[in-house]
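These are the residues of each chain, in order.
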Amino acid sequence: MYLPDHKTKIVCTIGPATSSPEMIRELILAGMNVARLNFSHGDMEDHRTLIKRIRDASDELNQVVAIMADLPGPKIRVGVIEDEPMLLEKNSMVTLTPKDVLGRNSVIPVQYKRISESVSLGSPIYLSDGFIQLNCESIENEDIHCKVVVGGQLFSKKGINLPGSKIYISPITGRDLEIVDFCLKEDISIFCLSFIETREDVEQVRNYIESKGKKAFLVSKIERDQAVVNIDSILQETDAIMIARGDLGVEVPIEEVPIIQKKIIHKANLLSKPVITATQMLESMVSNIRPTRAEATDVANAIIDGTDAVMLSAETAVGKYPAETVRMMATIARSTEKWRDHTTLGLELMTKAIQKMDPGIEDVISIQVNDALRSLPVRYVITPTVSGKTSRMISRFRPNVWILAFSRNSLTCEQLALQYAVYPVFVILKVHEWEETIMDSLKRFGNIDPGDLVILTQGQTPGMGKSGGTNFLKFVVAE
């Protein structure tokens, strides 16, 4: 059993630069825990091939690598521009139209039929991840006449953001559900939901999946202002959160994004729900062998904030140095975690916050485990688990040792790949013999020595296939 020296999980987007079996294998060796498949690009056969390659490499290396399907959602995009890039000059006039035309002569096609209903006079309109800004000057039938406030080069299919405007598209599209059907047939259980705004959006996907007789682990992407407003109710329904700072930084004032990030991470930590911090974390490594100092600081700060995972997008999808980028992310994580373990910055805050929540038995046990880790030379925390709940509750204290989550549920193992400091292990646990089975596994893997102290937590008997109810903590010295 290979245990990395960093506990923050790394999500890598798989794309043209990393689609070969050799590169997927190299990403796993560099530190990838979760492979993100962006269904905004590629066809189903391409994704089927990637799924097989990821699983083959994971099996070969004996590493749990989760596969996360990122649903496109209702992304509003520019249509096709005839001679791209189209240069938009400051103070010039352009027309946005939902008509099916090619972009030319300052006419920009938009793949959103009701854009004239969403914007109003004076509304800001952002193109290309917010790098181009327009201002609505007039509306003529379905066309929007705009002044260029911040110009730049515009390419086909670039995104459009309408901050503060009502969008007349369901966050869950028919295309999304088609992708869900495909993924369920491929035994994928982790889904990213794009542009959701309410807990009902999350419920819609969960109900659809359950109607197919399946269960899923849903990651809600926070990238719209209404999602920020409704974050408390969304957290009650979702299984995990992704702070998608690209679109979020256009939907809300960009200076608010760092504080929003910190608040959401803290809320999710309290509920033991994993958080992925995403977008442009090491963006300069798309074309450079080293990141900027600001990017390294951004990754470190997200980890100090309490994120469970950090995500790479273009860096691994189309970048020149994908494996080097993953190794850099792992290096930053290792250094940051070591400093936090030494200073305990933020960890007391988590304990106090949980104590104010009227904690239950499972909360108290997770606090006791955390206290024991500070006082005793514990090698591992071991949590036999069905659902993964106990492992997640201990993880929120950001322990300085690995939580070994032994489960006979392969989907639970895959989902725990997103959780900080949790190393999932698939094993057949025997009724009333789980402790012996786990200790024998650790000895066989060479991960434990005689005299090592471990903490065992237990609830309902894992062999009975029940989850929850952790009410037991035991210290064991390895023989």
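### Focus on the confidence of the model for the protein chain
Inference 1: Residues at a pLDDT of 70 or more form 96% of the protein chain, whose mean pLDDT is 92.
Inference 2: Of the regions scoring below 50 in pLDDT, residues 461-465 engages in 15 contacts with residues more than four places distant in sequence or in other chains.

### Structural notes on the pattern of salt bridges
When charged atoms on two side chains of opposite charge get close, those side chains can pair.
Inference 1: By the definition in use, this model includes 29 salt bridges.
Inference 2: Note that aspartate 187 and lysine 214 form a salt bridge whose closest N and O atoms lie 4.0 Å from each other. Of this pair, aspartate 187 sits in the loop between helix 4 (174-185) and strand 12 (190-193) while lysine 214 sits in the loop between helix 5 (199-211) and strand 13 (217-222), and the two are 27 residues apart along the sequence.
Inference 3: Under the relative-accessibility criterion, lysine 214 is labelled partly exposed at 34%.
Inference 4: One salt bridge connects glutamate 237 with arginine 199, and the closest N-O pair in it is separated by 3.1 Å. Of this pair, glutamate 237 sits in helix 7 (residues 231-237) while arginine 199 sits in helix 5, placing them 38 residues apart in sequence.
Inference 5: When salt bridges with common partners are traced through the structure, they connect Arg199, Glu203, Arg206, Glu237 and Asp239 into a single cluster.

### Section: the environment of valine 34
Inference 1: Inspection of the secondary structure puts valine 34 in strand 2 (residues 34-38).
Inference 2: The class of valine 34 is buried, set by a relative accessible area of 0%.
Inference 3: Measuring from C-alpha to C-alpha, the distance between valine 34 and alanine 417 comes to 6.7 Å, with 383 residues separating the pair along the chain.
Inference 4: Excluding its chain neighbours within four sequence positions, the residues that come into contact with valine 34 are Ile10, Val11, Cys12, Val65, Ala66, Met68, Ala417 and Leu418.

### Focus on the sheet that holds strand 21 (residues 472-477)
Inference 1: The strand order across the open sheet formed by five strands is 19-18-17-20-21, and the pairing between neighbours is mixed. The open sheet has two edge strands with one neighbour each: strand 19 (422-426) and strand 21. For this sheet the average axis-to-axis angle between neighbouring strands, irrespective of direction, equals 25°.
Inference 2: Taken strand by strand, helix 14 (residues 361-375) contacts strand 17 (378-384), strand 20 (453-458) and strand 21, and its axis lies near 25° from that of strand 21.

### A word on the sheet that holds strand 7 (residues 124-127)
Inference 1: With mixed pairing, six strands are arranged side by side in an open sheet as 6-5-9-8-7-11. Lying at the two open borders of the sheet, with one neighbouring strand each, are strand 6 (107-109) and strand 11 (160-161).
Inference 2: Where strand 7 and strand 11 come together, two bridges link them in antiparallel fashion. Bridge assignment links tyrosine 126 to a residue of strand 11, and that residue is asparagine 161.

### Observations concerning the packing of helix 2 (residues 44-61) against helix 4
Inference 1: Orientation of helix 2 relative to helix 4, taken along the N-to-C sense of each, is 40°, at an axis distance of 12 Å. Handedness of the crossing formed by helix 2 with helix 4: right-handed. Here Met44, His47, Arg48 and Ile51 of helix 2 lie close against helix 4, whose contacting residues are Arg175, Glu178, Ile179 and Phe182.
Inference 2: Partitioning the contact of helix 2 with helix 4 into residue classes produces four nonpolar, one polar and three charged.

### Thoughts on the packing of aromatic side chains
Inference 1: For the structure shown, the criterion picks out two aromatic pairs.
Inference 2: An angle of 85° between the planes, with centres 6.0 Å apart, marks the rings of tryptophan 402 and tyrosine 423 as edge-to-face. Residue tryptophan 402 is found in strand 18 (residues 402-407), and its partner tyrosine 423 is found in strand 19; the two are separated by 21 residues along the sequence.
Inference 3: We classify tryptophan 402 as buried; its relative accessible area is 8%.
Inference 4: Residue classification places tyrosine 423 among the buried positions, given a relative accessible area of 10%.

### Re unusual backbone geometry
Inference 1: Cis geometry is adopted by the peptide bond preceding proline 85, which originates at glutamate 84 and carries an omega value of 5°.
Inference 2: In this fold, proline 85 is placed in the loop between strand 3 (66-70) and strand 4 (86-88).
Inference 3: Even without being glycine, serine 272 reaches a positive phi, approximately 60°.
Inference 4: The topology assignment puts serine 272 in the loop between helix 9 (257-270) and strand 15 (275-278).
Inference 5: Residue serine 272 is classed as buried on the basis of its relative accessible area of 10%.
Inference 6: Positive phi, normally seen in glycine, also occurs at alanine 421, with a value near 65°.
Inference 7: Among the residues examined, alanine 421 registers a relative accessible area of 0% and is labelled buried.

Thresholds applied
Residues numbered from 1 in each chain as written. Predicted model: local features only at pLDDT ≥ 70, side-chain atom pairs only at ≥ 80, totals over all residues. Heavy atoms only, no water. pLDDT = per-residue confidence, 0-100. Contact = heavy atoms within 4.5 Å. Salt bridge = Lys/Arg side-chain N within 4 Å of Asp/Glu carboxyl O. Helix = DSSP H or I, 4+ residues; strand = E, 2+ residues; numbered from the N terminus. Buried < 20%, exposed > 50% of the residue type's maximum accessible area, 1.4 Å probe, protein only. Pairing = 2+ DSSP bridges. Axes fitted to C-alpha atoms, helices over the stretch in contact; angles between N-to-C directions. Left-handed = near helix turned anticlockwise from the far one by under 90°. Nonpolar A, V, L, I, M, F, W, Y, C, P; charged D, E, K, R; others polar. Phe/Tyr/Trp six-rings, centres within 6.5 Å; stacked < 30°, edge-to-face > 60°.

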